[in-house]
Amino acid sequence: MAHATTREEDIKVGRNGFIILLIVTFAEVGIALIGNGHLIEGLSLPKMIMIPVMIALSLYKAYYITSIFMHLGSEVKPFIATVILPMLLFIWAIIAFLWEGSAWFNNQEYVNKKNQEQVDPKGEATEGATGMLMNANEAPKQVRFE
């Protein structure tokens, strides 16, 4: 549980927290601007380096805010687990929805491309159109249903 502090100690914790979060935020913005070549022309960082560093800095800020300002750092371990585990499930859900949305978007592009192909009213494929399973010139000209 949290212990009692004086007003001066609280002000010191708040001031130190503000300075730490300010420095980390400036580092994130600086990495983003320099890494994408906005500040110095011709200088850009590889995405494989920039993205993990940005994620690490953001996770540090989240940890610092929850442990100091939300007083989670001074709580017992089971209570911390009841806060952290649902948050991890929420992050997993966001990743899953983004993954599924990306797959749907890619499939939609494929469907739109197929919808733009022209087919004559008799069902014969026109020049340049292809079937799903075989080329247009290999497809039968008539289909009978009995």
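Anyway, here's the lowdown on the structure attached to this text. Here the structure is a predicted model, which is why all the values come from computation and not from measurement. (Residues numbered from 1 in each chain as written. Predicted model: local features only at pLDDT ≥ 70, side-chain atom pairs only at ≥ 80, totals over all residues. Heavy atoms only, no water.)

### So, the environment of Gly14
Position of Gly14 among the secondary structure elements: in helix H1 (residues 7-35). Taking the C-alpha atoms as reference, Gly14 lies 8.1 Å from Phe69; in sequence the two are 55 residues apart. (Helix = DSSP H or I, 4+ residues; strand = E, 2+ residues; numbered from the N terminus.)

### Thoughts on the side chain of Glu28
Looking at where Glu28 falls in the secondary structure, it is placed in helix H1. Sequence-distant contacts of Glu28, defined by excluding residues within four places in its chain, comprise Met54, Leu57, Ser58 and Lys61. (Contact = heavy atoms within 4.5 Å.)

### Regarding the side chain of Ser67
Tracing the sequence through the fold places Ser67 in helix H2 (residues 47-69). When neighbours within four sequence positions are excluded, Ser67 is seen to be in contact with Leu72 and Gly73.

### Quick look at the pattern of salt bridges
Summed over the entire model, instances satisfying the criterion amount to one salt bridge. One salt bridge connects Lys61 with Glu28, and the closest N-O pair in it is separated by 3.0 Å. Placement of the pair is Lys61 in helix H2 and Glu28 in helix H1, with a sequence separation of 33 residues. Accessibility expressed as a relative area gives 18% for Lys61, which makes it buried. (Salt bridge = Lys/Arg side-chain N within 4 Å of Asp/Glu carboxyl O. Buried < 20%, exposed > 50% of the residue type's maximum accessible area, 1.4 Å probe, protein only.)

### Looking at H1
Between its first and last C-alpha atoms H1 spans 41 Å; for 29 residues at 1.5 Å apiece the expected length is 42 Å, and the two agree. For H1, the complete set of buried residues consists of Gly17, Leu21, Val24, Glu28 and Gly35. Following H1 by one or two positions, Gly37 adopts a phi angle in the positive range, close to 80 degrees. (Expected span 1.5 Å × (residues − 1).)

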